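Residues per chain, in single letters:
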Amino acid sequence: MRLKQQVMAKPVPKHIAIILDGNGRWAKRRNLPRHAGHKQGAINLQKITLEAHQLGIRFLSVYAFSTENWRRPKEEIDYLMNLPKIFEEEYKDNFKEYDIRVVFSGRRDRISQANLDLMQRVEEKTKDRKGLTLNVCLDYGSHDEITRAAKKVAEDVLNGQLTLASINEDVFASRLYTRDLPDVDLLIRTSGEVRLSNFLLWQVAYAEFYFTKVLWPSFSAKHLYKAIKHYQKRHRKFGGLKE
Ligand code: FPP
């Protein structure tokens, strides 16, 4: 059986999260400017999103820009912040055809008005789609997300909407950016780095982790099948003895 069919013959993860790493190194190896790596990375994101959808994955979260990425040179930030526009222009037809819903997670107070409008437009336009949900994490960081959720819970206690006794994990999770998404089942990081870099710390509590040396722009459908196959071999116990 071909790898894809093998993967599809077993339960696939419901929610995959990917740390898209290695765009810069991909470009450097080809003597190209860093932004060429980001461009190829964005093209690959469309490809992998459609592939994941075909496999029956329901949610795909990707780390597009972290709260720490503002430390990069202005030119690179400008390029990355222009990607949502290109993404919308070039991918909207395919996403419509495949019924892909797009949501954004992250801070909204440092994003340009043009991007905010775009993000709102895309979320609104795709909100009733029933295919895969692509969660683009932009100006996202878990410490920020968790701190904000804690603040919201405190606010709701102060204004009488919540009692101290009613605070539990679900109440807390409902104040996270990812409130409408299930927990992550499989986390993939490309480019050989083995760390989480402040990505979905709450949501990956029981996820399986898969690290690969492949750089993000070169991460192909075959690499995705391999990652899922690896996941399917694991025995998830969620702290108990059996699933
Ligand atoms: C990490 O590579 C990648 C990023 C910081 C950006 C990833 C973003 C995309 C692929 C496009 C996202 C699309 C939208 C819609 C915004 P790196 O630059 O850290 O690579 P390096 O570690 O090799 O230098």
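A quick note: this is a predicted structure, and the numbers were derived from the prediction, not measured.

### With respect to helix H8 (residues 221-233)
Stage number 1. For H8, which comprises 13 residues, the first-to-last C-alpha distance of 19 Å matches the rise-based estimate of 18 Å (1.5 Å per residue) to within 8%.
Stage number 2. For H8, the elements touching its buried residues are helix H1 (3-8), strand E1 (15-19), helix H3 (34-55), strand E5 (186-189) and strand E6 (208-211).

### Quick notes on the side chain of Glu145
Stage number 1. Along the chain, Glu145 turns up in helix H6 (residues 142-158).
Stage number 2. A polar side-chain atom of Glu145 sits 3.2 Å from a polar atom in the side chain of Gln203.
Stage number 3. Discounting residues that sit within four places of it in the chain, Glu145 has contacts with Tyr140, Leu176, Tyr177, Thr178 and Gln203.

### Details of the site of the ligand
Stage number 1. Lining the immediate environment of the ligand, one finds 17 residues, of which Leu20, Gly24, Arg25, Arg34 and Arg72 sit closest.
Stage number 2. Contacts to the ligand include Asn23, whose backbone N or O atom sits 3.2 Å from an oxygen atom.
Stage number 3. Taking Gly24, its main chain carries an N or O atom lying 3.0 Å from an oxygen atom of the ligand.
Stage number 4. For the ligand, the accessible surface in isolation is 630 Å², of which the surrounding protein chains cover 92%.
Stage number 5. Put simply, the ligand lies in the largest pocket.
Stage number 6. For the shell around the ligand, the elements supplying multiple residues, two or more each, are helix H2 (23-29), H3 and helix H4 (74-97).
Stage number 7. Of all the elements, H3 adds the most residues to the shell around the ligand, at 5 residues.
Stage number 8. In the shell around the ligand, the residues fall into 7 nonpolar, 6 polar and 4 charged.

### A word on the packing of H3 against H4
Stage number 1. Packing of H3 against H4 leaves a shortest axis separation of 10 Å and a crossing angle of 30°. The orientation of H3 relative to H4 falls into the category roughly parallel. For H3 against H4, the interelement crossing comes out right-handed. Judged by residue contacts, Arg34, His35, His38, Lys39, Ala42, Ile43, Leu45, Gln46, Thr49 and Leu50 of H3 engage Glu76, Tyr79, Leu80, Leu83, Phe87, Glu90, Tyr91, Asn94 and Phe95 from H4.
Stage number 2. Of the residues belonging to the contact of H3 with H4, the class tally is 10 nonpolar, 5 polar and 4 charged.

Scoring rules and cut-offs
- Numbering of residues starts from 1 in every chain and runs along the sequence as written.
- For a predicted model such as this one, the threshold for reporting local features is a pLDDT of at least 70, and the threshold for listing and counting side-chain atom pairs is 80 or more; totals across whole chains, interfaces and linings nevertheless cover every residue.
- Values shown for side chains rest on all heavy atoms present in the structure; no hydrogens or waters enter the calculation.
- In this description a helix means any DSSP run of H or I spanning at least four residues, a strand means any run of E spanning at least two, and both kinds are numbered starting from the N terminus.
- What a helix is expected to span follows from its residue count: subtract one and scale by 1.5 Å.
- It only takes one pair of heavy atoms within 4.5 Å for two residues to be counted as in contact.
- Any pair of nitrogen or oxygen atoms within 3.5 Å is treated as a polar contact; in protein, a donor-acceptor pairing is required on top of that, and neighbouring residues in sequence qualify only through side-chain atoms on both sides.
- The criterion for a residue being near a molecule or strand is simple. One of its heavy atoms has to lie within 4 Å of it.
- A 1.4 Å probe and the Shrake-Rupley method give the accessible areas. Residues count as covered only by the protein chains that appear here.
- Whether a set of points on the 1 Å grid over the protein atoms alone is a cavity depends on a 1.4 Å probe fitting there but being unable to get out, while an open set qualifies as a pocket with protein on both sides within 12 Å along at least five of seven lines; lining residues are those with an atom within 4 Å of a point.
- Whether a molecule sits in a cavity or pocket is decided by its atoms, more than half of which must lie within 2 Å of the grid points.
- In this classification, Asp, Glu, Lys and Arg are treated as charged, Ala, Val, Leu, Ile, Met, Phe, Trp, Tyr, Cys and Pro as nonpolar, and every other residue, Gly included, as polar.
- Axes here refer to lines fitted to C-alpha atoms; in helices the fit is confined to the stretch in contact. Angles between the N-to-C directions go from 0 to 180 degrees.
- Any angle that falls under 35 degrees is termed roughly parallel, while one over 145 is termed roughly antiparallel, one within 65 to 115 roughly perpendicular, and all others oblique.
- Left-handed describes a crossing whose near helix is turned anticlockwise from the far helix by less than a right angle; the clockwise case is right-handed.

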